[in-house]
Amino acid sequence: MTRCIITYDLKAPGRNYDELNKRIKSYGSWAQITESSWSVMTTQSAVQIRDHLMAAIDRNDKILVGILGTAAWYGLPNEASDRLLANT
């Protein structure tokens, strides 16, 4: 299992994030880091994750999926921090 970071920028005003968030949470071990940044634990590659999530975004949206090695953070909500630490 590897830790991945997902960050996105949905351009359309009033965009519904429900489908995208549902797809991200489908990985099981996840943490919402900021409003549009998540961490997931998975065996999938960054390309596989990106392709899975692209079905929930528009053509003018942006998404980045990266494989994390080490991470440090500050100011995250306790729930996000706890999830990140639990899945290390």
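Refer to the structure above for everything that follows.
Everything in this summary refers to the structure shown in the same document. Predicted model, so just to flag it, every value in this text is computed and none were measured. (Residues numbered from 1 in each chain as written. Predicted model: local features only at pLDDT ≥ 70, side-chain atom pairs only at ≥ 80, totals over all residues. Heavy atoms only, no water.)

## A word on the environment of Trp38
Stage number 1. As for its position among the elements, Trp38 is in strand 3 (residues 37–42).
Stage number 2. With sequence-adjacent residues up to four places away left out, Trp38 is seen in contact with Cys4, Ile5, Ile6, Tyr8, Asn21, Ile24, Lys25, Trp30, Ala31, Gln32 and Ile33. (Helix = DSSP H or I, 4+ residues; strand = E, 2+ residues; numbered from the N terminus. Contact = heavy atoms within 4.5 Å.)

## Notes on the packing of aromatic side chains
Stage number 1. Evaluation of the coordinates by the stated rule reveals 2 aromatic pairs.
Stage number 2. Centre to centre, the rings of Tyr8 and Tyr17 are 5.9 Å apart; their planes meet at 40°, and the pair counts as tilted.
Stage number 3. Judged by centre distance (5.4 Å) and plane angle (55°), the ring pair of Trp30 and Trp38 falls under tilted. Summarising the burial analysis for this pair, Trp30 and Trp38 share the class buried.
Stage number 4. For the cation-ring pair, Arg83 lies above Trp30, with the distance from its terminal atom to the ring centre recorded as 4.0 Å. (Phe/Tyr/Trp six-rings, centres within 6.5 Å; stacked < 30°, edge-to-face > 60°. Buried < 20%, exposed > 50% of the residue type's maximum accessible area, 1.4 Å probe, protein only. Lys NZ or Arg CZ within 6 Å of the ring centre and 35° of its normal.)

## Remarks on the nonpolar core
Stage number 1. Of all hydrophobic cores here, the largest spans 16 residues; its most connected members are Ile6, Tyr8, Leu20, Ile24, Val40 and Ile49.
Stage number 2. Looking at this core, the elements with two or more residues in it are strand 1 (2–9), helix 1 (18–25), strand 3 and helix 2 (46–54).
Stage number 3. Apart from the residues lying within four places of it in its own chain, the contact partners of Ile6 are Ile24, Ser36, Ser37, Trp38, Val40, Ile49, Leu53, Ile63, Leu64 and Val65. (Core = buried A, V, L, I, M, F, W, Y, C linked by side-chain atoms within 4.5 Å.)

## Observations regarding the sheet that holds strand 1
Stage number 1. Across the sheet, which stays open at both edges, the 4 strands sit in the order 2-3-1-4 with antiparallel pairing between neighbours. Since the sheet does not close on itself, it has two edges, and those belong to strand 2 (29–34) and strand 4 (62–67), each with one partner. Pairs of neighbouring strands in the sheet enclose a mean axial angle of 20°, with direction left out of account.
Stage number 2. Here helix 2 sits on the sheet in contact with strand 1, strand 3 and strand 4, set at roughly 150° to strand 4. (Pairing = 2+ DSSP bridges. Axes fitted to C-alpha atoms, helices over the stretch in contact; angles between N-to-C directions.)

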